[in-house]
Amino acid sequence: IEKKIAIAIDGPAAAGKSTVAKKVAKELDYTYIDTGAMYRAITYKALKLKVDLENPEQLHQLIKKTTLNLEQEQNGQKVILDNADVTEIIRNQQVTNSVSDVAKHALVREEMVKRQQEMAQERGVVMDGRDIGTHVIPDAEVKIFLIASVEERAIRRNKENIQKGYPSRLEQLKEEISKRDKLDSEREVSPLIKAHDAIEIDTTAMSIEGVKNEILVIVEKIRERK
Ligand code: CDP
Ligand code: CDP
């Protein structure tokens, strides 16, 4: 039996992390864990309960009282917040525009990272986020850093919105994505940064299948060495 490893996939917004991570997990029969969805779910709850997003103690108390489960589905995962399915609603504009403000607090991250590390304990995971290779699983056997130009990432999100029938403006998406990247990269606590031992893949001109296959080749090479 092949030894199960941990695969960390980090990178900026809309680089294709979750799409590719899901496919890699399916191929390997591993568990996919979307840590961005965890920060989104907490942000959604905080907004609903009108918790001050600049008050880390209050946010910390809120998280401690929150159950958060990622249920494995055929093509991804369902996000269950205190027994309610919030998979779709946590992708809305309001959450998207506030999530980086919630995620910047050390007290918030401590609690989330603890939960994520418990999920990764058994290995056999593909986890995507911003700080997986640097903080959550610093000893992950495979670390991938996915990037793409802001233009390309805005185009991808735009297509996604149009497909879902949501209103969407390319220029606005570009601004939102750049702003979130800046907040995530410049925050003091575990900012978005490529781990020194991560392999960077620029996906700007790549297909989803192309990225998936490149990652699977990397995974195979590393598993052979074990
Ligand atoms: O899918 P998208 O790229 O829009 O973002 P996401 O992965 O859902 O993450 C939403 C936000 O959560 C990010 O912009 C970060 O502020 C935060 N996040 C984080 O700080 N650390 C992580 N490991 C994952 C997400
Ligand atoms: O998780 P993250 O925010 O990094 O990105 P995502 O939600 O997985 O991907 C954003 C969009 O880009 C999705 O609609 C993907 O289908 C698309 N995509 C693409 O067109 N080409 C790639 N090489 C990767 C993703």
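A quick note: this is a predicted structure, and the numbers were derived from the prediction, not measured.

Asks: Talk me through the overall build of the protein; I want residue IDs and the actual numbers.
Replies: A tally of regular secondary structure across the protein gives 9 helices and 8 strands. In summary, the protein has a C-alpha radius of gyration of 17 Å against a globular reference of 17 Å for 226 residues, a match within 12%. Principal axes of the C-alpha set define a box for the protein whose edges measure 50 × 35 × 35 Å. Evaluated residue by residue, the protein yields a buried proportion of 49% over its 226 residues.

Asks: Give a detailed account of the nonpolar core, specifying residues and quantitative values.
Replies: The tendency in soluble globular proteins is for nonpolar side chains to be buried side by side. Among the nonpolar cores identified, the biggest contains 35 residues, and Leu68, Val79, Met112 and Ile137 are the most heavily contacted of them. Per-element tally for this core: the top contributor is helix 2 (residues 35-48), with 7 residues. Those residues in contact with Ile137 that sit more than four places away from it in its chain are Ala6, Ala120, Arg123, Val125, Met127, Ile132 and Lys143. In this structure, Ile9, Ala15, Ala25 and Val142 belong to the second largest nonpolar core, which totals 22 residues.

Asks: Describe the pairing of strand 4 (residues 76-81), listing the residues and the values that go with them.
Replies: The buried fraction of strand 4 amounts to 5 of the 6 residues, a majority that puts the element mostly inside the structure. For strand 3 (residues 68-73) and strand 4, the ladder comprises 6 bridges, and the chain directions are antiparallel. Counted as the bridge partner of Gln72 is Gln77 from strand 4. Between the end of strand 3 and the start of strand 4, which pair antiparallel, lie 2 residues.

Asks: Hey, could you go over the UniProt feature "domain: Cytidylate kinase" (unreviewed entry) in the protein for me, with residue numbers and the actual values?
Replies: Under the feature "domain: Cytidylate kinase" (unreviewed entry), the UniProt entry names residues 7-220. Secondary structure across residues 7-220 divides into 52% helix and 17% strand, with the first and last C-alpha atoms of the span separated by 12 Å.

Asks: Can you tell me about the site of ligand 2, naming the residues and giving the values?
Replies: Every one of the 15 residues lining ligand 2 counts as a neighbour, but Ala14, Lys17, Ser18, Thr19 and Glu160 are closest to it. In this structure, a nitrogen atom belonging to ligand 2 sits 3.0 Å away from a main-chain N or O atom of Met206. Sorting the residues of the shell around ligand 2 by element identifies helix 1 (17-28), helix 7 (150-164) and helix 9 (208-225) as the ones contributing at least two each. Residue composition of the shell around ligand 2, by class: 7 nonpolar, 4 polar and 4 charged.

Asks: Lay out the pattern of salt bridges in plain terms, naming residues and giving numbers.
Replies: A full pass over the atoms with the stated rule returns 22 salt bridges. Where Glu141 meets Arg123, a salt bridge forms, and the shortest distance between an N and an O atom there is 3.4 Å. Here Glu141 is found in the loop between helix 6 (132-136) and strand 7 (142-147), whereas its partner Arg123 is found in the loop between helix 5 (106-120) and strand 6 (125-129), with 18 residues between them in sequence. Here Glu220 and Arg223 are joined by a salt bridge, their closest N and O atoms 3.1 Å apart. On the criterion of helical spacing, the pair formed by Glu220 and Arg223 is a turn pair, its members being 3 residues apart in helix 9. On the basis of relative accessibility, which here comes to 31%, the residue Glu220 falls in the partly exposed class. With relative accessibility at 14%, the residue Arg223 sits in the buried group.

Asks: Go over the site of ligand 1, please, and point to the residues and values.
Replies: As a structural note, the neighbourhood of ligand 1 is formed by 20 residues, with Arg40, Arg109, Asp131, Arg180 and Asp184 the closest of them. Within the side chain of Thr35, a nitrogen or oxygen atom sits 3.0 Å from a nitrogen atom of ligand 1. Relative to its unbound accessible surface of 530 Å², ligand 1 loses 97% to contact with the protein. Those elements that place two or more of their residues in the shell around ligand 1 are helix 2, helix 4 (93-103) and helix 8 (170-186). At 4 residues, helix 2 tops the list of elements feeding residues into the shell around ligand 1.

Asks: Account for the packing of helix 2 against helix 4, with residues named and values stated.
Replies: As a packed pair, helix 2 and helix 4 sit with axes 9 Å apart at the nearest point and diverge in direction by 105°. As judged from the angle between their axes, helix 2 and helix 4 are roughly perpendicular. Between helix 2, through Tyr39, Arg40, Ile42, Thr43, Tyr44 and Leu47, and helix 4, the contact on the second element is made entirely by Gln94, Val95, Thr96, Ser98, Val99, Val102 and Ala103. Classifying every residue of the contact of helix 2 with helix 4 by side-chain character gives 8 nonpolar, 4 polar and 1 charged.

Asks: I'd like to hear about helix 2, residue by residue, with values.
Replies: Three- or four-residue spacings in an α-helix give side chains the same orientation, since the helix completes a turn every 3.6 residues. For helix 2, with 14 residues, the first-to-last C-alpha span of 20 Å sits near the 20 Å given by 1.5 Å per residue. Counting buried positions over the 14 residues of helix 2 gives 11, a clear majority of the element. For helix 2, the N-terminal cap is Asp34; the gap from its side-chain oxygen to the backbone nitrogen of Gly36 is 3.1 Å. Lys50 occupies a position one or two residues after helix 2 and carries a positive phi of about 55°.

Here is what the cut-offs are and how they apply
- Residues numbered from 1 in each chain as written.
- Chains lettered and ligands numbered in written order.
- Predicted model: local features only at pLDDT ≥ 70, side-chain atom pairs only at ≥ 80, totals over all residues.
- Heavy atoms only, no water.
- Helix = DSSP H or I, 4+ residues; strand = E, 2+ residues; numbered from the N terminus.
- Rg over C-alpha atoms; globule rule 2.2 N^0.38 Å.
- Buried < 20%, exposed > 50% of the residue type's maximum accessible area, 1.4 Å probe, protein only.
- Core = buried A, V, L, I, M, F, W, Y, C linked by side-chain atoms within 4.5 Å.
- Contact = heavy atoms within 4.5 Å.
- Pairing = 2+ DSSP bridges.
- UniProt positions renumbered as here; feature names shortened; annotations may be inferred.
- Near = heavy atom within 4 Å.
- Polar contact = N/O pair within 3.5 Å; in protein donor to acceptor, adjacent residues only side chain to side chain.
- Nonpolar A, V, L, I, M, F, W, Y, C, P; charged D, E, K, R; others polar.
- Salt bridge = Lys/Arg side-chain N within 4 Å of Asp/Glu carboxyl O.
- Areas by Shrake-Rupley, 256 points an atom, 1.4 Å probe, with all protein chains shown as cover.
- Axes fitted to C-alpha atoms, helices over the stretch in contact; angles between N-to-C directions.
- Parallel < 35°, antiparallel > 145°, perpendicular 65-115°, else oblique.
- Expected span 1.5 Å × (residues − 1).

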